[in-house]
Every structure is written in C-alpha cells, then in structure tokens.
Amino acid sequence: MDKVQDNRAWFLIIPVFLIVAFSAVIPLMTVVNYSVQEIFGPGQTFFVGTEWFEAVLTDERLHDALVRQIIYSLAVLAIEIPLGILIALGMPGGRSAKTSLTLVLLALPLLIPFNVVGTIWQIFGRGDIGLLGATFRAIGVDYNYTNNSLDAWLTVLVMDVWHWTSLVALLCYAGLQSIPPAFYQAAKIDGASKWAVFRYIQLPKMRGVLIIAVLLRFMDSFMIYTEPFVLTGGGPGNSTTFLSQYLTQMAVGQFDIGKAAAFSIVYFLIVLLFSFIFYTVITNSGSGEKK
Amino acid sequence: MTLTLEGVAKRVGAEQHLHPLSLELQAGSFNVLLGRTLAGKTTLMRLMAGLDKPTAGRVLENGKDVTGASVRHRDVAMVYQQFINYPAMTVYENIASPLRRQGKDKAEIDAQVRRTAAMLRIEPYLERLPAELSGGQQQRCAIARALVKGAGLLLLDEPLVNLDYKLREELRAELRDIFADGKTTVVYATTEPQEALVLGGNVTVLHEGQMLQTGATGDVFHTPASLACAQVFSDPPMNVMDAILTNDRVALSDGTSLPLSAHDRNLPAGPCRVGIRANHLTVLRRSERLVPIKGRVALSEISGSETFIHLRHGDTTLIAREEGVHSHPIGSDIQVYADPDRIFVFSTAGQLVAAPNWRRGALRNIA
C-alpha cells in the first residue's frame, strides 16, 4: 500500500502543544533554570551549578519542616481514611430523604474555601470568644494554639480532619454503593460475620476508590498551606511551618529565588516518590493473598 | 432435605409479588422453577432460602417450621445470576471458605476443595483470583463454593443466564451429573423451557406471581394444565388458533379440519382454542396424516441451524419451525403442515380440554 506523505498533520497538534508548553513545560523549565542560578536582580544572574541543591539538602530548618510535614501527612491519612470508611459504612443506603440529607451535610465542609476554614477555626479555638477554646477553658484544660506548639499542631490536624474526612467518606460511599446486593445475600447465606463481610467483600470492592482517596489526601495534606497560614502563621516558633509555607517564605519573603526553585524541584520529587509508593503498595496489597 | 411450602405468599406494599402457593420438594429431588422474567422465581427462592419472610403461609424443613428463622440458621447454599465470589480470595480460598467456617481440619478441606474443583474443572485455576478467570470459570467457582458447603437445599437462580451460548450448553450438560448425588434438594430457576427439559426432574411453572402447574417435567410439558402454562413452557410460544370442536374434530376459522385421533374420545362440542408448538408446524409434509395450513410469510428468522417462519393465517400469526437454513421472501404464500396428533385443545377460558395422549400414542406406534 502506498503511504501518503502529508506533513500537514503536524499542524493539528499545535494547539495541544502550545497549551501544554505554556501551562506546564515552560513554567517547569523556568524553575529548573532558576535553580541553577544566583539571582540578584533582573539581568544579574550567575550560573552556580548544583550549589542550591546542596544548600537545600543540608538546610536544618528544611529538614525539620520535612519531618513535621511527613508526620502530619501520615497522621492525616491514619485518621481520615479509617474515619471516612466508618462514616461511609454507617451511612443510609437507597434513595431516601435521609440519604440526601446525609450527603448534603457531608458535602458542606468541602464547599468552604480554605482560608475561611482557617478563619473559622481561628475564632473557634480562641479562649475568650471561641466555642472550643472557651469550653476547654471552662473545664480547666490548658489549651492555647497561639503559644503552645502541640496545641497548634493538633488544631491544624483536627481542622484538616474536619475539612476533608467528608471527601474520603463520599468516595467510599460511592464504592460501597456499587456492590451488587447479591454479594451481601451470598455472605448472609454463608453465615459470614460483619467483619468478614467488610474484610472480604466491602474492602476489596472499595480498593479503587481508596487508592484515589489516599493519593488525594496525601498530596493535598503534603502541600497544605492556606489553613495553617491563616490559623497560626506557621507558629508558634516553627511548629506548624510546613514545607509549602517554608517555601513561600524563602521565595517571596527572603526573595531567595534560586534556592526556592531548587527546593521546589526537590519538593515535587518527594511528592512524586511518596505517591508512587502509596500507589504501588495499595495496588499490590489489594490484589490478594497470593503466595 | 424435604422442603414444604404451605400457602406461602409475598406482598410488598400494595403489590402481590407472589400469590399463595403450596409446594413440596422431596429430599434429594431436582426441581426447576420455570417462568418468564418477573414471574416470581427469585421471590420464591428468597423465601425458600430464608432471605425474606413470607407475608403469609409457612415454610417447613423436614417437617420443622422454619418460617421466621434467619438464613444463618438454615441449611442452604445459593448460586446467583451474577458471579458472586470473594474478590480478594483465590479460587482455592473461595471454595474453602464455607468449610473453614464449619471448622473442618486442613487435610479434609484440601481434599474436598480439590475434589469439587476437579468436578467443575477449575483445578488448574485454584491459585488465581476470581477477576482473573473467564465468566464461565467464575460461575464454576461460585457453584463449587455452593456445592462444597454440603447444604441440604441448593438454590440456583438462573446461574447460566450471564454466560454465552456455548458455555451455557456445556455447563448445563455437566450440571445434571453434578447434582445427581441424590442427597441435596436442588431448586433451579430458569426462563428457558429448553433448559428445564434438558435438566429433567420436576418442574414448577410460575407466571405473574402465580403457580400454574407443578409435576414431573415430562408430564407438565406434554399435558400443560392451561394455555398460559403451555405458553411459558414453549419456545417460541405455542401457536394458538380459535376453532370449533365437533365430533372429535376441530375446525379452524378458514375451514381446515383436524382429526383428534390421538386424544381422548367424546370431547364436549363447542368453541375452543387450539394450541400447537412451532416444531409441530412444518414446511415438509413428512406424513400423509399432516394437515396443510395456508398462510403468508410475515417474517423468517434463522436461529442456529433452524429457520423460524412467522406467517399470517387469518387474524393470527403462527410460527413454524423448519430444519436447516432457508429463506422465505416476506409476503410470499406458504403452506405449512400441522400434525393433528400433536395439537392441544383448550377451552375458551384457557383450560386444557385434551392433550395428545402421548404415552398411548407411542405404544400404538410400536404396535
């Protein structure tokens, strides 16, 4: 068969090429470019090689922020995933008013803008006028998120759980709804316990949505910025300064563009690595007890 | 186990899903529930299993009333239309799961799993997950799981309906041997008359939530108690024509007269309805006693190696079956032949008046 030589086909991919270039490739390469330069001002740049990367990887404060960040993200996953599954299991099924009401209630926190969530909790936790803070004060618990590191850290964590557990619950609920009723009947006839139904039917059937839930929650919590910024501004001390906030301080506060760019790339690679690990682990563990 | 249903009925809200019916299934018997979609087969099965509680009547297992008893305390196993297996367990673990729950020891479980898997020909796949099997193999795994449980009552709710034609034939033939152990009472729901005939045993015909007839499969097929029952138990549905019965002959509206020589004598004269299955309406005149019926081709469809001719005859459409693949132009005139020894006579209300006395007919042919 004769092949038709017609290079006009290349024109058809130009729109996609342009969009991807402007939205992803060029910004990314700009960052890569910054990361190997010392920048004093417009036009005053010097090539410094891997110096910034070395600086970033040996930065003590950054290490602290990274450890804080990892502990925080793991805590978020450890609380939100089981809690979300439990809520989904307890939700009413079918098409009743009860179901709609539950769904709307669950969706509410998801509809609130991030900075508003921060503000809500800022006021909620205040000892003088906040419901939570005042209640703690009334029962004699010493709680103050503005000068106690642990209190601040826990408040940020609880705030995230409050804000995002609904997402996990809704995803799991969708997964549960897709299980045909015959599975439950079969389990009933088999005399399977509630735990067995969960372990051998519901959990494997939710695997797909759980992968998505874990990845979404991990990536989001690993990049958390707005809520702690509004609530505590990263303090007290550095106790709630997570990676993205440290990065912002570096780039916009200290105008250390080169170092911030190197940091961004390392940050990106860390998120990528963790996501890959989670994905691999969940995908393999769900596919059974193969010997 | 002997399963007895006494006036069992199921009503959901204002809808009567199942009208009161009584049925006795002997221990070790093979029973087919035959009926079209929404006939109440699944409803009846759920009542038998104890998944639902009947709104009226009693369910007895070996004479013991178990009407309100939960499915957990019943001795049942069930196979569904969908392929239901534990998704995260291997085929081996799936089959072993009912035995583990019964607390059998390891060696016995292993022996039973392997024996059952061999019987269902899924031995090579024991280490695989259900999702890695074909549909037919998944259903074999589900059947193995139900069989291995050793329950007194095994319910199969259209187990082959989601399989392709070839696999269905294959598994159907095997199922008959598998269930022939004689200990388990088997109930098998299907929409296909063909399947009921292949599987044999007893049949209970359901239609719109009502039990039409129950008995040995051959008896019900050859002497359907009513037109409705005959319709459910014929594929394609039985041809029906209005006729006048006089002196043991039926006269069709166009004057064609069929002698009822294989039927009982001295039938009551008057208007009646004549039923004849498609395979007894043929294009070839195999014998002189066949009576010609004229019609006009409305449609001719080929199914497998058979041709079904839909023909207009007066106000009714008849379906004739022809061996082999043939084409009949739409609108052309055609003559088909009815076997008068195979026709059924129903009253105008649809009750059976006379069926071909097939046992006597068979004897007469030999003599």
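Residues numbered from 1 in each chain as written. Chains lettered and ligands numbered in written order. Predicted model: local features only at pLDDT ≥ 70, side-chain atom pairs only at ≥ 80, totals over all residues.

### Comments concerning the overall build of chain B
Here comes step 1: Broken down by element type, chain B carries nine helices and 21 strands.
Here comes step 2: Each of the three principal axes of chain B carries a C-alpha extent, and together these read 75 × 50 × 45 Å.
Here comes step 3: Going through the 367 residues of chain B one by one, you find that 43% of them count as buried. (Helix = DSSP H or I, 4+ residues; strand = E, 2+ residues; numbered from the N terminus. Buried ≥ 20, exposed ≤ 12 C-beta atoms within 10 Å, placed from the backbone.)

### A closer look at the nonpolar core
Here comes step 1: Counting 102 residues, the largest nonpolar core has Met78(B), Leu155(B) and Val345(B) as its most contacted members.
Here comes step 2: Tallying contributions element by element places helix H4 (residues 135-148) of chain B first for this core, with seven residues.
Here comes step 3: With residues up to four places along the chain from it excluded, the contact list for Leu155(B) reads Met45(B), Met48(B), Ala49(B), Val76(B), Met78(B) and Val187(B).
Here comes step 4: Val56(A), Tyr246(A), Met250(A) and Tyr267(A) belong to the second-largest nonpolar core, a separate cluster that totals 19 residues. (Core = buried A, V, L, I, M, F, W, Y, C linked by C-beta atoms within 7 Å. Contact = placed C-beta atoms within 7 Å.)

### Considering the packing of helix H2 (residues 91-101) of chain B against H4(B)
All names here are of chain B.
Here comes step 1: The contact between H2 and H4 brings their axes to 8 Å, and the two run at 25°. Relative to H4, H2 is oriented roughly parallel. As H2 runs across H4, the sense of the crossing is right-handed. Residues Val91, Asn94, Ile95, Ser97, Pro98 and Leu99 of H2 pack against Cys141, Ala144, Arg145 and Val148 of H4.
Here comes step 2: Class assignment of the residues belonging to the contact of H2 with H4 gives a composition of seven nonpolar, two polar and one charged. (Axes fitted to C-alpha atoms, helices over the stretch in contact; angles between N-to-C directions. Parallel < 35°, antiparallel > 145°, perpendicular 65-115°, else oblique. Left-handed = near helix turned anticlockwise from the far one by under 90°. Nonpolar A, V, L, I, M, F, W, Y, C, P; charged D, E, K, R; others polar.)

### Side note on the sheet that holds strand E4 (residues 56-61) of chain B
Residue and element names in this part refer to chain B.
Here comes step 1: Taken in spatial order, the four strands make up an open sheet running E2-E1-E4-E5, and their pairing is antiparallel. In this open sheet, the two edge strands, each paired with only one partner strand, are strand E2 (15-25) and strand E5 (64-65).
Here comes step 2: The sheet contact formed by E4 and E5 spans two bridges and is antiparallel. When the sheet's bridge partners are listed, Leu60 is paired in E5 with Asp65.
Here comes step 3: Each of strand E1 (3-12), E2 and E4 touches helix H1 (residues 41-49); the most contacted strand, E1, lies at about 125° to it. (Pairing = 2+ DSSP bridges.)

### A few points about the confidence of the model for chain B
Residue and element names in this part refer to chain B.
Here comes step 1: Looking at chain B as a whole, the pLDDT averages 87, with 97% of positions reaching at least 70.
Here comes step 2: Within the model, the stretch residues 360-367 combines pLDDT values under 50 with three contacts to residues more than four positions away or in other chains.
Here comes step 3: With pTM at 0.76, the complex prediction returns an ipTM value of 0.73. (pLDDT = per-residue confidence, 0-100.)

### Side note on the environment of Gly209(B)
All names here are of chain B.
Here comes step 1: Position of Gly209 relative to the elements: it lies in the loop between strand E9 (202-207) and strand E10 (210-216).
Here comes step 2: For the pair Gly209 and Asp333, spaced 124 residues apart in sequence, the C-alpha to C-alpha distance is 41 Å.
Here comes step 3: If we skip the residues at most four places from it in the chain, Gly209 touches Gln16, His17, Leu18, His19 and Gly40.

### Side note on unusual backbone geometry
Residue and element names in this part refer to chain B.
Here comes step 1: Of note, the bond from Asp235 into Pro236 is cis; its omega dihedral lies within 30 degrees of zero at 0°.
Here comes step 2: Note that Pro236 resides in the loop between helix H8 (227-232) and strand E11 (239-246).
Here comes step 3: Residue Leu38 is not a glycine yet carries a positive backbone phi of 70°.
Here comes step 4: Take Leu38: there are 13 C-beta atoms within 10 Å of it, and that puts it in the partly exposed class.

### Some points on the UniProt feature "domain: ABC transmembrane type-1" (unreviewed entry) in chain A
Here comes step 1: According to UniProt, the positions carrying the feature "domain: ABC transmembrane type-1" (unreviewed entry) are residues 66-278 of chain A.
Here comes step 2: Helix makes up 76% of residues 66-278 of chain A and strand 0%, with an end-to-end C-alpha separation of 18 Å. (UniProt positions renumbered as here; feature names shortened; annotations may be inferred.)

### Topic: the interface of chain A and chain B
Here comes step 1: At the junction of the two partners, chain A supplies 17 residues and chain B supplies 19 residues.
Here comes step 2: Elements supplying a minimum of two residues to the side of chain A that touches chain B: helix H9 (181-190) and helix H10 (194-205) of chain A.
Here comes step 3: The element that contributes the greatest number of residues to the side of chain A that touches chain B is H9(A), accounting for seven residues.
Here comes step 4: Within the side of chain A that touches chain B, the residues separate by chemical class into eight nonpolar, five polar and four charged.

### A few points about the domain arrangement of chain B
Here comes step 1: Segmenting chain B into domains produces domain 1 (3-224) and domain 2 (236-366).
Here comes step 2: Centre-to-centre, using C-alpha coordinates, domain 1 of chain B lies 36 Å away from domain 2 of chain B. (Domains from an automatic or database assignment.)

### Describing the environment of Ala320(B)
All names here are of chain B.
Here comes step 1: Among the secondary structure elements, Ala320 is positioned in strand E18 (residues 316-323).
Here comes step 2: Residues Ala320 and Ala262, spaced 58 residues apart in sequence, show a C-alpha to C-alpha distance of 21 Å.
Here comes step 3: Apart from residues no more than four positions distant in its own chain, Ala320 is found in contact with Ala278, Leu281, Thr282, Val283, Ile309, Leu311 and Val336.

### Observations regarding the sheet that holds strand E7 (residues 153-157) of chain B
Within a sheet, neighbouring strands are paired by backbone hydrogen bonds and run either parallel or antiparallel to one another.
Residue and element names in this part refer to chain B.
Here comes step 1: Taken in spatial order, the six strands of this open sheet run E6-E7-E8-E3-E9-E10, and their pairing is mixed. Only two strands of the sheet have a single partner each, and these edge strands are strand E6 (76-79) and E10. On average, each strand axis in the sheet is tilted by 15° relative to the strand beside it, whichever way the strands run.
Here comes step 2: Taken together, the five bridges between strand E3 (residues 30-34) and strand E8 (residues 185-190) define a ladder with parallel strand orientation. Opposite Val32, over in E8, you have Tyr188 as the bridge partner.

### A look at the UniProt feature "transmembrane region" (unreviewed entry) in chain A
All names here are of chain A.
Here comes step 1: According to UniProt, the positions carrying the feature "transmembrane region" (unreviewed entry) are residues 9-32, 70-89, 101-124, 152-176, 208-226 and 260-282.
Here comes step 2: Between the C-alpha atoms that bound residues 101-124 there is a distance of 25 Å. The span itself is 75% helix and 0% strand.
Here comes step 3: With 100% helix and 0% strand, residues 260-282 has end C-alpha atoms that lie 33 Å from one another.

### Things to note about the UniProt feature "domain: ABC transporter" (unreviewed entry) in chain B
Here comes step 1: The UniProt entry lists residues 3-233 of chain B under the feature "domain: ABC transporter" (unreviewed entry), expressed in the numbering used here.
Here comes step 2: When the span residues 3-233 of chain B is considered, its composition is 35% helix and 27% strand, and the gap between its end C-alpha atoms is 24 Å.

### Quick notes on the packing of helix H3 (residues 106-119) of chain B against H4(B)
Residue and element names in this part refer to chain B.
Here comes step 1: H4 packs onto H3 with a crossing angle of 130° between their chain directions and a minimal axis gap of 10 Å. Considered as vectors, H3 and H4 are oriented oblique to each other. Where H3 crosses over H4, the handedness of that crossing is right-handed. Residue-level inspection shows Gln112, Val113, Thr116 and Ala117 of H3 in contact with H4, the latter providing Ala144, Leu147 and Val148.

### Observations concerning the domain arrangement of chain A
All names here are of chain A.
Here comes step 1: Each assigned domain of chain A is listed here: domain 1 (9-47) and domain 2 (60-286).
Here comes step 2: Inter-centroid distance (C-alpha atoms) of domain 1 to domain 2 is 33 Å.
Here comes step 3: At the level of secondary structure, the elements contributing two or more residues to the side of domain 1 that touches domain 2 comprise helix H2 (14-35) and strand E1 (37-41).
Here comes step 4: It is H2 that provides the largest number of residues to the side of domain 1 that touches domain 2, a total of four residues.
Here comes step 5: Within the side of domain 1 that touches domain 2, the residues separate by chemical class into four nonpolar, two polar and one charged.

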